[in-house]
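# Fold and contact review
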Amino acid sequence: MSGSRGIWTCTTDADLLLRLAGAGLDWLALDAQHGPVDRAALPALGRALAGAATPFLVRVPAVDAAWIGAALDAGAAGVVVPSVTGPDDARRAALAARYPPLGERSWGPFAPLWGGDAPTPEAANEAVRCWVMVETPGALDTVDEIAATPGVDGLFVGPLDLSLSLGTTADALLDDTSDDGRLARVVAAARRQGIDTAGFAGTPGNARRMRAHGLDHVAVTTDAAVVAAGVRAVLAELDD
Ligand code: 3PY
Ligand code: MG
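Residues numbered from 1 in each chain as written. Chains lettered and ligands numbered in written order. Predicted model: local features only at pLDDT ≥ 70, side-chain atom pairs only at ≥ 80, totals over all residues. Heavy atoms only, no water.

## Some thoughts on helix 11 (residues 204–213)
To be explicit about the condition: The buried label goes to any residue with under 20% of its type's maximum accessible area, the exposed label to any with over 50%, and the partly exposed label to all in between, with areas taken from a 1.4 Å probe on protein chains only. The helix count covers DSSP runs of H or I at least four residues long, the strand count covers runs of E at least two residues long, and both are numbered beginning at the N terminus. Read the arc as the range of directions from the helix axis to the C-beta atoms. Here, two residues are considered to be in contact whenever any of their heavy atoms come within 4.5 Å of each other.
Those residues of helix 11 lying buried are Ala207, Met210 and His213. Here the buried residues of helix 11 occupy an arc of 115° about the axis, which is enough to place them on one side. Of the exposed residues in helix 11, the ones pointing more than 90 degrees away from its buried face are Arg208 and Ala212. Taken together, the buried residues of helix 11 touch strand 6 (154–157), helix 8 (159–166), helix 9 (170–175), helix 10 (182–193), strand 7 (196–200) and strand 8 (217–222). Looking one or two places after helix 11, you find glycine 214, whose phi comes out positive at around 105°.

What follows is the structure, given as structure tokens:
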């Protein structure tokens, strides 16, 4: 997923997710932290998206091995793990995302139950992406150790919580293009380890700013934003 463009979604409507999955994006991220995507809804959403061209990730609600396993069992290509405060959290997240001997994930994928082929543990370990969020001062302070944690495949910047917890604004974070700026430190740590960088942009403008910082994968927009923008575009066309 190099240089990719994703969308952040809160909906639990499988039909809407399928529409989004067919719209040319590189990935969907289903938000189970702030969205109403709960564990009961996940298997059906995973089943609906199983044949879609666009893979989905799940932003789990916390550093929670049970949730990480459930998201992957439902067919997620990877997880975005929020509220990581340091290397211990990163290690717990990484262990939960992979089967032994690399991790501690428990066997039990749902996908075979709805007619797909179960990947081997080795193939699942190879394919999965565990992106941990950098959105706390603790994560920023230890970003090099987090990036070096085995099984962490990417650093995902959450500019809203990061700025809130640092007493600044998301705009100020994105505007800071100095070599020792916060985003520069995240990107440098990831590059040193050869892992992915990603972030929540929310708008194309912020996505461009994140790309300028060197972030590879950006959530360009949200399901709510594209629905509202679509309505506005239709009304503007009508009134032209
Ligand atoms: C943040 O910016 O804090 C996020 O978690 C984005 O969803
Ligand atoms: Mg956040």
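## Here we look at the coordination of the magnesium ion (ligand 2)
Here is the rule: Coordinating donors are taken as N, O and S atoms within 2.8 Å of the metal, stretched to 3.2 Å for Na, K and Ca; because water is absent from the atoms, sites can appear incomplete.
Within the protein, Glu135 (OE) and Asp161 (OD) serve as the donor atoms for the magnesium ion (ligand 2), at 2.1 Å. Here glutamate 135, found in the loop between strand 5 (129–134) and helix 6 (137–141), pairs with aspartate 161, found in helix 8; they are 26 residues apart in sequence, far enough to count as distant. For aspartate 161, a relative accessible area of 32% puts it in the partly exposed group.

## Comments concerning the side chain of arginine 98
Put simply, the test is: Polar contacts, as used here, are pairs of N or O atoms within 3.5 Å; protein pairs need one atom able to donate a hydrogen and one able to accept it. Residues neighboring in sequence count only if both atoms are side-chain atoms.
With respect to the helices and strands, arginine 98 occurs in the loop between helix 4 (87–97) and helix 5 (121–127). A relative accessible area of 7% places arginine 98 in the buried class. In terms of polar contacts, arginine 98 uses its side chain to reach the backbone carbonyl oxygen of valine 128, at 3.1 Å. The contacts of arginine 98, once residues within four sequence positions are left out, are Gly103, Glu104, Arg105, Asn125, Val128, Arg129, Gly151 and Asp153.

## Here's the deal with a nonpolar patch on the surface
Here is the rule we go by: To count toward a patch, a residue needs a relative accessible area above 30% and no salt bridge. Like charges then connect within 9 Å, nonpolar side chains (Val, Leu, Ile, Met, Phe, Trp, Tyr) within 5 Å. Every accessible area reported is derived by Shrake-Rupley at a probe size of 1.4 Å, with residue values counting cover from the shown protein chains alone. Any carboxyl oxygen of Asp or Glu within 4 Å of a side-chain nitrogen of Lys or Arg constitutes a salt bridge here.
Together, Val226, Val227, Val231, Leu235 and Leu238 make up an exposed nonpolar region whose accessible area comes to about 440 Å². For valine 226, the position within the fold is in helix 12 (residues 223–239).

## Considering the packing of aromatic side chains
Basically, it comes down to this: To pair, rings of Phe, Tyr and Trp, with the six-membered ring standing in for Trp, must have centres within 6.5 Å; the planes then decide the type, stacked if under 30 degrees apart, edge-to-face if over 60, and tilted in the middle.
For the structure shown, the criterion picks out five aromatic pairs. On the numbers, 5.5 Å between centres and 75° between planes, the contact of tryptophan 8 with phenylalanine 200 is edge-to-face. Note that tryptophan 8 is positioned in strand 1 (residues 5–9) and phenylalanine 200 in strand 7, a separation of 192 residues in sequence. The exposure classification of tryptophan 8 matches that of phenylalanine 200, with both residues buried. For the pair tyrosine 99 and tryptophan 107, a centre-to-centre distance of 5.1 Å together with 45° between the ring planes defines the contact as tilted. Judged by its relative accessible area of 3%, tyrosine 99 is buried. Feature note: the residues Trp8, Trp27, Trp131, Phe156 and Phe200 constitute an aromatic cluster, connected by ring pairs.

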